[in-house]
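Per-entry structural report
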Amino acid sequence: MTGADWADAVAAVSGLPASAPVLLACHVNPDGDALGSMLAFGLGLRRLGYRAVQASFPEPFEVTEPFLGLPGLDLLVPPAEAVAEPALFVCFDASSADRLGALAGRLAAPSVVVDHHASNTRFGKINLVDPAAAATTVLVAGLLDRLGVPLDRAIAECLYVGLVTDTGSFRYEATTPAVHELAARLVATGIDVGTLSRRLFDTRPYAAVRLLAEAVGRTVLEPSAARGLGLAWTYATVDDLARYGQRPYALEPLVDSVRAVAEADVAAVFKQVGPDGWAVSLRSRGGTDVSRVAVALGGGGHRLAAGFTGYGSLDRVLDALRTVLDG
Ligand SMILES: [Mn+2]
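Per chain, residues are indexed from 1 in the order of the written sequence. Confidence filtering applies because this is a predicted model: local features only for residues at pLDDT of at least 70, side-chain atom pairs given and counted only at 80 or more, and all residues used for totals across whole chains, interfaces and linings. Neither water nor hydrogens contribute to the side-chain values; these are computed over all heavy atoms in the structure.

What follows deals with the coordination of the manganese ion. All of the protein donors around the manganese ion are D33 (OD), D93 (OD), H116 (NE2) and D166 (OD); their distances to the metal are 2.2 to 2.3 Å. Counting along the primary sequence, the residues that act as donors to the manganese ion give the motif D-x59-D-x22-H-x49-D. Within this pair, whereas D33 is found in helix α2 (residues 32-47), its partner H116 is found in the loop between β4 (111-115) and β5 (126-129), the two being separated by 83 residues in sequence. In this listing, donors mean N, O and S atoms no farther than 2.8 Å from the metal, or 3.2 Å for Na, K and Ca; water is missing from the atoms, so a site can look incomplete. Numbered from the N terminus, helices here are DSSP runs of H or I no shorter than four residues, and strands are runs of E no shorter than two.

Note that the domain bounds reflect an automated or database-derived domain assignment. Here the domain parsing of the chain yields domain 1 (3-201) and domain 2 (206-326). Taking only C-alpha atoms, the centre of domain 1 and the centre of domain 2 are 27 Å apart. A buried area of about 780 Å², summed over both sides, lies between domain 1 and domain 2, and 52% of it is on carbon and sulfur atoms. What counts as buried area is the accessible surface, traced by a 1.4 Å probe, that two parts surrender upon association, with contributions from both included. The largest share of the area that domain 1 buries against domain 2 comes from E62, S119 and Y172, three residues that together contribute 36% of it.

The next point concerns the environment of A97. On the secondary structure map, A97 appears in the loop between β3 (88-92) and β4. A relative accessible area of 23% places A97 in the partly exposed class. The residues touching A97, leaving out its near neighbours within four places in the chain, are A104, L107 and F123. Exposed residues in this analysis have more than 50% of their type's maximum accessible area, buried residues have under 20%, and partly exposed residues fall in between, with area computed by a 1.4 Å probe over protein chains only. Throughout, a residue-residue contact means that at least one pair of heavy atoms, one from each residue, lies within 4.5 Å.

Let us look at the sheet that holds strand β2 (residues 53-56). Note on pairing: two strands pair once DSSP finds at least 2 bridges between them. Strand order in the open sheet formed by five strands is β2-β1-β3-β4-β5, and the pairing between neighbours is parallel. Every other strand in the sheet has two partners, leaving β2 and β5 as the edge strands with one partner each. Geometrically, the sheet is characterised by an average inter-axis angle of 15 degrees between neighbouring strands, direction not taken into account. Sheet analysis places β4 next to β5, joined by four bridges and oriented parallel. Opposite V113, over in β5, you have N127 as the bridge partner. Convention adopted: a line fitted to C-alpha atoms gives each axis, helices being fitted over their contacting stretch, and angles between N-to-C directions are expressed from 0 to 180 degrees. Strands in contact with helix α1 (residues 3-14) are β3, β4 and β5; relative to β5, the strand with the most contacts, it is inclined by about 125 degrees. Lying over the sheet, α2 contacts β1 (22-26), β2 and β3, oriented at roughly 165 degrees with respect to β1.

Structure follows, in structure tokens:
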């Protein structure tokens, strides 16, 4: 990413009249980084005086529990109500156009892609894509700075949510001095870090705790998999979710438990989506580039955290993963 990319993105925004319809989007099933970066940018555009800013994401159009208190949620419109021909389309944390569902059609408009996935296909007219960035919100902060938007508490809260979730609470490798410097700027606006952290990471229904325990309890270790580096995996079915009355979001923490297995370089969690599909989350301790593994299986992500969707029985999807891990 070059200075020219930044300048192009700034020009794409600042060339717009205040009444121009601007559509923001983020990837399907948005996480903290996707929502946080999109809403922070939307709030920033409002501060600059833009009056027709919408934000959306593909169906299922549902904001998950920990993000319900985020500032800027009033920017959200269901994808069916999103402006058909925006003067500018900006999308966040999406590595490819298909992550935008029906909203991908808006890529016919002038577009800016803001993302940090190594597997990003650079599908925008302007691409602010930096795989070294710890979170998409880092790039959004950079863009807001260049547009002259001061960081207020609402924008900071959105940016912080993306930063703290994508860095695993500042634990992952991408947590550079610059990440902590940005965090310092955000915290200095007065955001309530303790409350935010509890809401994001340490609050779940009793039934969700028991569902997680059951899924963690059936973790399998395959020491010879992944070229002898080891694979630890578990799964959760649609029926598991139904028995505990939980939505798929309840399974998000599962991979963090599985990746703690010391004897495995790779952790995998298979989450059933529909009768014949499995959303697979992959993590690596460093010996395996799971982004490459995920791309080979039709997905994408980062070197140490990636995912794909597999079809067929669990055994079949597991076998496909074992084969790529051994390749
Ligand atoms: Mn992200």
